[in-house]
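Okay, here's what each chain looks like letter by letter:
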Amino acid sequence: MNRLHPRPVQRVLIANRGEIAVRIARGCRALGLSPIAIYSEADRQAPHVLAADAAVCVGPAAARESYLDAEAILAAARATHADAVHPGYGFFSENAGFAEAVTRAGLTWIGPSPHAIATMGDKLGARATVAKAGVPLVPGTEIAVGDTNVAARSARELGYPILVKAAAGGGGKGMRTVASESELLDALAAATREATAAFCDGRVYLEKLVTRPRHVEVQVLGDTHGTLVHLGERECSIQRRHQKIVEETPCPIMTETLRAHMTEAALAAARAVDYVSAGTVEFLLDENGRFYFLEMNTRLQVEHPVTELVWGIDLVVAQLRVAAGERLGFAQADLRPRGHAIEVRLYAEDPQHNFLPSAGMVYAWGEPSGPGVRVDAAVRAGVSVPVEYDPMLAKISAWGADRAQATARLAGALSETTILGPTTNLAFLRDVLAHPAFAAGRTNTGFLADHLPAWHPTGALDLAAAVAALATTRPAAPRGGGDRDPRCEPTPWETLGRWRLAGT
Ligand code: MV4
């Protein structure tokens, strides 16, 4: 197969699972393309398998032996005559070697070039590359600090507090805060150890600590004909342990001037690696309105739906089209954001017990709908949530003409969401949205620690919702056999019998 002229894309292998695999299958359908799923032995019943035209088992439950087995995935592509591979997020999405292998196999890689992935994947390389393009960086060391004397001198010059970061890191892995010189040696050793274990690459560097930053990121989209546009920013500051929980666009404190500067910086960063496909440039925004490049994610992101809702662009469709060599077909001047969108991530985890994952059988699942509501989920009653993967069950998003309407619609959608089986963070999410600090847009990275440090559910609403869900999914006992008049079917409150909760 000639790698410069791969065959036209018709069959797309989705090298992922869960809601993003379902989402990508939808994008394929929208273009008349045929989605092909892969699955592990733990995912035989998974919703993403049903979303595809064909599905191939690639190995046992452990991700290393299935979703991260490059040979098995390429064999699945061959067996199903796939023309292209979409990696989704996580797994192989930011693996330059896998992107290369896909291309070498004569398949179209739906994503940026291996060069762009590799450059941005190395945080020191990314810093150097975007600095040359004039993108503002947090003051820091430009080289890995192997020598502790050099590190101590650099840290003193930067001024404490500082952060030790892993060059191969990202997402907070291998990161250490250092308040003063007395902590530096231990932090360097710990970060090096952690980075070596996680990435087989122990290089670390220093950055000045930005206190109480917001995490604001810019969506970019490029084609192979030289068009590169941005689709505004997303604010994703409400996180715990580097896991985002709430994402929205626009950023509540964004101004036209700040947006102009930040999006220009994001486009410059993307241009520095000839970026093609959907990508995200992350910034820290400090309390004085200054912003600094953090890293670039060279993939479609979990939180892409809020951008789609406000900008009216299907990012997966755009990725598929530009991967096939088509032009984007629009320029920056053709794009106008409208209104506000907020997404929350529903996790199978227990907020009352340190957010411990809570996988297992889903007995009932009722998803919300209504004006401006969007659900990206891969949950089905009767199917277990495997323990082997990320415990995210669904993303629930709402669009509104303004932030208040988006918040109200999302809060309404959450009270319409029912799940019976795994413990979830549903009630926690409701309390985040209902918090006055959220309404006021005071969403920096300290939000959860400041406002919901030791969270406990209020009221028995969750149990009531779960019982109602159970009641609505339980078939009514047949009376008198034969065809029954649906007008005589009992209401949930009747089938519930003594399971009625006091006060509901
Ligand atoms: C920082 C920072 C403060 N100052 N860098 C966290 C994940 C990784 N992408 C980088 N991170 C941070 N880098 C400097 N120089 C604070 C964080 C950080 C953070 C950033 C975004 C969202 C949530 C966060 C939570 C803790 C720390």
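To be clear, the structure that these remarks concern was listed above.
Residues numbered from 1 in each chain as written. Predicted model: local features only at pLDDT ≥ 70, side-chain atom pairs only at ≥ 80, totals over all residues. Heavy atoms only, no water.

Colleague: Explain the site of the ligand to me, and be specific about the residues and the numbers.
Modeller: In the vicinity of the ligand lie 18 residues, with Lys165, Glu207, Lys208, Val210 and Glu295 positioned nearest. With respect to the ligand, the backbone of Lys208 contributes an N or O atom lying 2.7 Å from a nitrogen atom. Between Glu295 and the ligand, the recorded distance is 3.1 Å, taken from a side-chain N or O atom to a nitrogen atom. Within the complex, 87% of the 520 Å² of free accessible area of the ligand lies under protein. (Near = heavy atom within 4 Å. Polar contact = N/O pair within 3.5 Å; in protein donor to acceptor, adjacent residues only side chain to side chain. Areas by Shrake-Rupley, 256 points an atom, 1.4 Å probe, with all protein chains shown as cover.)

Colleague: Give me the pairing of strand S14 (residues 340-347): which residues, what numbers.
Modeller: Counted residue by residue, S14 has eight buried out of eight residues, so it is predominantly covered. Covered by surrounding structure in S14 are His340, Ile342, Val344 and Leu346 together with Ala341, Glu343, Arg345 and Tyr347, the residues of both alternating faces. The pairing of strand S11 (residues 243-249) with S14 spans four bridges and is classified as antiparallel. Paired with Val246 across the bridge in S14 is Val344. (Buried < 20%, exposed > 50% of the residue type's maximum accessible area, 1.4 Å probe, protein only. Helix = DSSP H or I, 4+ residues; strand = E, 2+ residues; numbered from the N terminus. Pairing = 2+ DSSP bridges.)

Colleague: An account of the sheet that holds strand S6 (residues 162-166) is requested, with residue identities and associated values reported.
Modeller: Read from one edge to the other, the open sheet built from three strands follows the order S7-S6-S8, with strand pairing classed as antiparallel. Edge strands, defined here as strands with exactly one partner in the open sheet, are strand S7 (176-178) and strand S8 (204-208). Pairs of neighbouring strands in the sheet enclose a mean axial angle of 30 degrees, with direction left out of account. Pairing between S6 and S7: three bridges, direction antiparallel. Paired with Leu163 across the strands is Thr177, a residue of S7. Contacts from helix H7 (residues 148-158) reach S6 and S8, with the element oriented near 15 degrees to S8. (Axes fitted to C-alpha atoms, helices over the stretch in contact; angles between N-to-C directions. Contact = heavy atoms within 4.5 Å.)

Colleague: Would you mind going over the side chain of Asp223 in detail, with residue names and values included?
Modeller: Relative to the helices and strands, Asp223 resides in the loop between strand S9 (214-222) and strand S10 (228-240). Look at Asp223: it is buried, it has no salt bridge, and the nearest opposite charge is Arg327 at 5.4 Å. Among the polar contacts made by the side chain of Asp223, one reaches the main-chain amide nitrogen of His225 at a distance of 2.9 Å. For Asp223, the side chain forms a polar contact with the main-chain nitrogen of Gly226, separated by 3.2 Å. Not counting the four nearest positions on each side in its chain, Asp223 is found in contact with Val276, Val322, Glu326, Arg327 and Leu328. (Lys, Arg positive; Asp, Glu negative; His and termini not counted. Salt bridge = Lys/Arg side-chain N within 4 Å of Asp/Glu carboxyl O.)

Colleague: Give a detailed account of the nonpolar core, specifying residues and quantitative values.
Modeller: By size, the foremost hydrophobic cluster in this structure holds 37 residues, and its most contacted members are Val12 and Leu221. Among the secondary structure elements, those contributing two or more residues to this core are strand S1 (11-14), helix H1 (18-30), S10, helix H10 (304-311), helix H11 (315-323), S14 and strand S21 (392-400). The dominant element in this core, judged by the number of residues it contributes, is H1, at six residues. Look past the residues within four positions of Leu221 in its chain and what remains in contact with it is Thr227, Leu228, Val229, Leu231, Ser277, Ala278, Ile313, Leu315, Ala318, Leu328 and Phe330. Counting 36 residues, the second-largest nonpolar core is a separate cluster that includes Phe355, Val373, Leu393 and Leu452. (Core = buried A, V, L, I, M, F, W, Y, C linked by side-chain atoms within 4.5 Å.)

Colleague: Before we move on, can you summarise the environment of Glu349 with the specific residues and values?
Modeller: Inspection of the secondary structure assignment puts Glu349 in strand S15 (residues 349-350). Of the residues examined, Glu349 reaches a relative accessible area of 8% and is grouped as buried. Each C-alpha atom of the pair Glu349 and Pro422 lies 7.5 Å from the other, and the pair is 73 residues apart in sequence.

Colleague: Give me the lowdown on the environment of Glu65, citing residues and values where you can.
Modeller: When you line up the elements, Glu65 lands in the loop between strand S3 (54-59) and helix H3 (70-79). Judged by relative accessible area, which is 43%, Glu65 ranks as partly exposed. Non-local contacts of Glu65, meaning those with residues more than four positions away in its chain, are made with Val58, Gly59 and Pro60.

Colleague: Could you give me a rundown of the state of the cysteines, with the residues and numbers involved?
Modeller: Counted under the stated rule, the structure contains zero disulfides. Cysteine Cys251 remains unbridged, with the sulfur of Cys236 as its closest cysteine sulfur at 9.6 Å. The buried category is assigned to Cys251, whose relative accessible area is 3%. (Disulfide = S-S within 2.5 Å.)

Colleague: Quick rundown of unusual backbone geometry? Include the residues and the values.
Modeller: Omega for the peptide link from Tyr160 to Pro161 comes to 0 degrees, which places this bond in the cis form. Within the element layout of this structure, Pro161 appears in the loop between H7 and S6. Its identity is not glycine, yet His81 carries a phi of approximately 55 degrees, on the positive side. On the secondary structure map, His81 appears in the loop between H3 and strand S4 (84-86). For Phe355, which is not a glycine, the phi torsion comes out positive at approximately 60 degrees. With respect to the helices and strands, the residue Phe355 is situated in the loop between S15 and strand S16 (356-357).

Colleague: Tell me about the packing of aromatic side chains, and please be specific about residues and values.
Modeller: One pass over the full model with this rule turns up seven aromatic pairs. The interplanar angle of 10 degrees and the centroid separation of 4.1 Å between the aromatic rings of Phe92 and Phe98 together place this pair among those described as stacked. Neither residue differs from the other here; Phe92 and Phe98 are each classed as buried. Pairing Phe355 with Phe428 gives two aromatic rings, centres 5.2 Å apart and planes at 80 degrees, and the pair type is edge-to-face. With Phe355 in the loop between S15 and S16 and Phe428 in helix H13 (residues 426-434), the pair connects residues that are 73 residues apart, well separated along the chain. Among the aromatic side chains, those forming a connected cluster through ring pairs are Tyr67, Phe91 and Tyr389. The ring of Phe355 carries the charged tip of Arg240 above its face, separated from the ring centre by 3.8 Å. (Phe/Tyr/Trp six-rings, centres within 6.5 Å; stacked < 30°, edge-to-face > 60°. Lys NZ or Arg CZ within 6 Å of the ring centre and 35° of its normal.)

Colleague: Break down the pattern of salt bridges for me, citing the residues and quoting the values.
Modeller: One pass over the structure, following the stated rule, counts 28 salt bridges. Residues Arg176 and Glu194 are paired through a salt bridge, measuring 2.9 Å at the closest nitrogen-oxygen approach. Of the two residues, Arg176 is situated in strand S7 and Glu194 in helix H8 (residues 184-199); the sequence distance between them amounts to 18 residues. Through salt bridges that share partners, Glu217, Arg234, Lys244, Glu247, Glu303 and Arg345 make up one connected network.

Colleague: Explain the environment of Ala197 to me, and be specific about the residues and the numbers.
Modeller: Counting through the fold element by element, Ala197 comes out in helix H8. When its relative accessible area of 67% is taken as the criterion, Ala197 is described as exposed. Each C-alpha atom of the pair Ala197 and Gly174 lies 9.4 Å from the other, and the pair is 23 residues apart in sequence.

No statement about biological role is implied by the geometric values presented.
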